[in-house]
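# Overview (structure and organization)
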Amino acid sequence: RLFSSEKLTQRDHSLPNPSWSKDLRLLFDQFMKKCEDSSWKRLPSYKCESSQRVQDFKTHFLDPKFMNEQTVHGQLFTRSFEDGLGFEYAMFCNDAEKRIVCLFQGGPYLQGVPGFLHGGAIATIIDATTGMTALLAGGIVMTANLNINFKRPIPLCSTVVLNSQLDKVEGRKFFVSCNIHSVDGKTLYSETTGLFIKLDPDKRLK
Ligand SMILES: CCCCCCCCCCCCCC(=O)SCCNC(=O)CCNC(=O)[C@H](O)C(C)(C)COP(=O)(O)OP(=O)(O)OC[C@H]1O[C@@H](n2cnc3c(N)ncnc32)[C@H](O)[C@@H]1OP(=O)(O)O
């Protein structure tokens, strides 16, 4: 049991699997080419992050009262669906430009109105992408504010591109913006601004 769950948590989910559309694979290959000169880097993604920053989070910010049986088995929400049914995505970061591009395909379990993605599912992938943008710039952050303008509905199971950019840093405040376009760039689905706060080591999350 432990072995199989350990194996589970070590699978890098930001790699192609049979549920990926042709569009998603093509875009993935394009971005993997951009990684060849190391200007771009693909970000691995696991069901259960066990990175140093997660350890740091647990050590410095998590009140022991929140460490319980459930937390131990907690999984990253965006990685807790069977292949193809929920969030299929791969993120690539460009450190010099403080940018993240997320290639995303929302599966049938993320349906809102028939035929289109649920607004909360769109907010989730935006939060993950903008959150990662702030996190790479500022370390352990949490979302304080996320303002999303939904311009056009995103068809269920379609492939879209999120472009997230760090705009400004003021002390512990990290301002990020993000838009979502269709693969051909012709349709703007949403525009977002977000504020992420770098956690204060003197304040445990209560
Ligand atoms: C851990 C790593 C995991 C890696 C796994 C991969 C994950 C991928 C990434 C996923 C990422 C997903 C991430 C998620 O989903 S995180 C989950 C969703 N977010 C939360 O649950 C956070 C809840 N809020 C809080 O815990 C606190 O409010 C935080 C920690 C955010 C700040 O409380 P803290 O006590 O520390 O700071 P402060 O209150 O002194 O404020 C500091 C400054 O900020 C200004 N301010 C604050 N709020 C707002 C606001 N709403 N609009 C405008 N301004 C605001 C404030 O005025 C002040 O400004 P100034 O007076 O200094 O000028």
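Each remark here, short or long, concerns the structure printed above.
Residues numbered from 1 in each chain as written. Predicted model: local features only at pLDDT ≥ 70, side-chain atom pairs only at ≥ 80, totals over all residues. Heavy atoms only, no water.

### Section: the pattern of salt bridges
The line we're drawing: Take a side-chain nitrogen of Lys or Arg and a carboxyl oxygen of Asp or Glu: if they are within 4 Å of each other, that pair is a salt bridge. Numbered from the N terminus, helices here are DSSP runs of H or I no shorter than four residues, and strands are runs of E no shorter than two. Burial status follows relative accessibility: with a 1.4 Å probe on protein chains alone, a residue under 20% of its type maximum counts as buried, one over 50% as exposed, and anything between as partly exposed.
One pass over the full model with this rule turns up 7 salt bridges. Between aspartate 83 and arginine 11 there is a salt bridge whose closest N-O contact spans 3.1 Å. Here the residue aspartate 83 occupies a position in the loop between helix 4 (69-72) and strand 2 (87-94), and arginine 11 occupies one in the loop between helix 1 (2-9) and helix 2 (22-34), the gap between them amounting to 72 residues. By relative accessible area, aspartate 83 is classed as partly exposed at 33%. Given the relative accessible area of 32%, arginine 11 is considered partly exposed. Between lysine 151 and glutamate 191 there is a salt bridge, with the nearest N and O atoms lying 3.6 Å from each other. Here glutamate 191 lies in strand 7 (residues 188-198) and lysine 151 lies in the loop between strand 4 (141-150) and strand 5 (159-170), a separation of 40 residues in the sequence. Classification of lysine 151 as partly exposed rests on a relative accessible area of 47%. Owing to a relative accessible area of 34%, glutamate 191 belongs among the partly exposed residues under this scheme.

### Describing the sheet that holds strand 3 (residues 99-106)
As a reminder, the rule being used: For two strands to pair, DSSP has to find at least two bridges joining them. Axis geometry follows a simple rule: fit a line to the C-alpha atoms, using only the stretch in contact for helices, then measure angles between N-to-C directions, giving values from 0 to 180 degrees. Residue contacts are counted whenever heavy atoms from the two residues lie within 4.5 Å of one another.
Spatial ordering of the open sheet is given by 1-2-3-5-6-7-4, a layout of 7 strands whose pairing is antiparallel. Because the sheet does not close on itself, it has two edges, and the strands there are strand 1 (41-43) and strand 4. Across the sheet, the mean angle separating the axes of adjacent strands is 25 degrees when strand polarity is ignored. In terms of strand pairing, strand 4 meets strand 7 through 9 bridges, oriented antiparallel. For phenylalanine 150, the partnering residue across the bridge sits in strand 7 and is serine 190. Sheet contacts for helix 2: strand 1, strand 2, strand 3 and strand 5; angle to strand 3, the most-contacted strand, approximately 160 degrees. Packed on one face of the sheet, helix 5 (residues 119-138) meets strand 1, strand 2, strand 3, strand 4, strand 5, strand 6 (173-182) and strand 7 and runs near 135 degrees to strand 4.

### A look at the site of the ligand
Going by this rule: For each residue, the test is whether any non-hydrogen atom lies within 4 Å of the molecule or strand; if one does, the residue is near. Distance and chemistry together define a polar contact, namely a pair of N or O atoms within 3.5 Å, with one atom able to donate a hydrogen and the other to accept it when in protein, and with adjacent residues in sequence counting only for side-chain atoms on both sides. Only the protein chains shown count as cover for residues, and the accessible areas themselves come from Shrake-Rupley with a 1.4 Å probe.
Taken together, 18 residues form the shell around the ligand, and within it Asp127, Thr143, Arg172, Lys173 and Lys203 come nearest. At a separation of 2.9 Å, an oxygen atom of the ligand approaches a polar side-chain atom of arginine 172. Side-chain polar atom of lysine 173 to an oxygen atom of the ligand: 2.9 Å apart, as the coordinates give it. Protein chains shield 55% of the accessible area of the ligand, which is 1,300 Å² for the free molecule.

### Some points on the pairing of strand 5
Taken together, the 7 bridges between strand 3 and strand 5 define a ladder with antiparallel strand orientation. Bridging across to strand 5, isoleucine 100 finds its partner in serine 164. For strand 5 and strand 6, the ladder comprises 10 bridges, and the chain directions are antiparallel. Each residue of the ladder has a partner; that of asparagine 163, found in strand 6, is asparagine 179. Hairpin connection between strand 5 and strand 6: a loop of 2 residues separates the two successive antiparallel strands, and glycine 171 in this loop has a positive phi of roughly 60 degrees.

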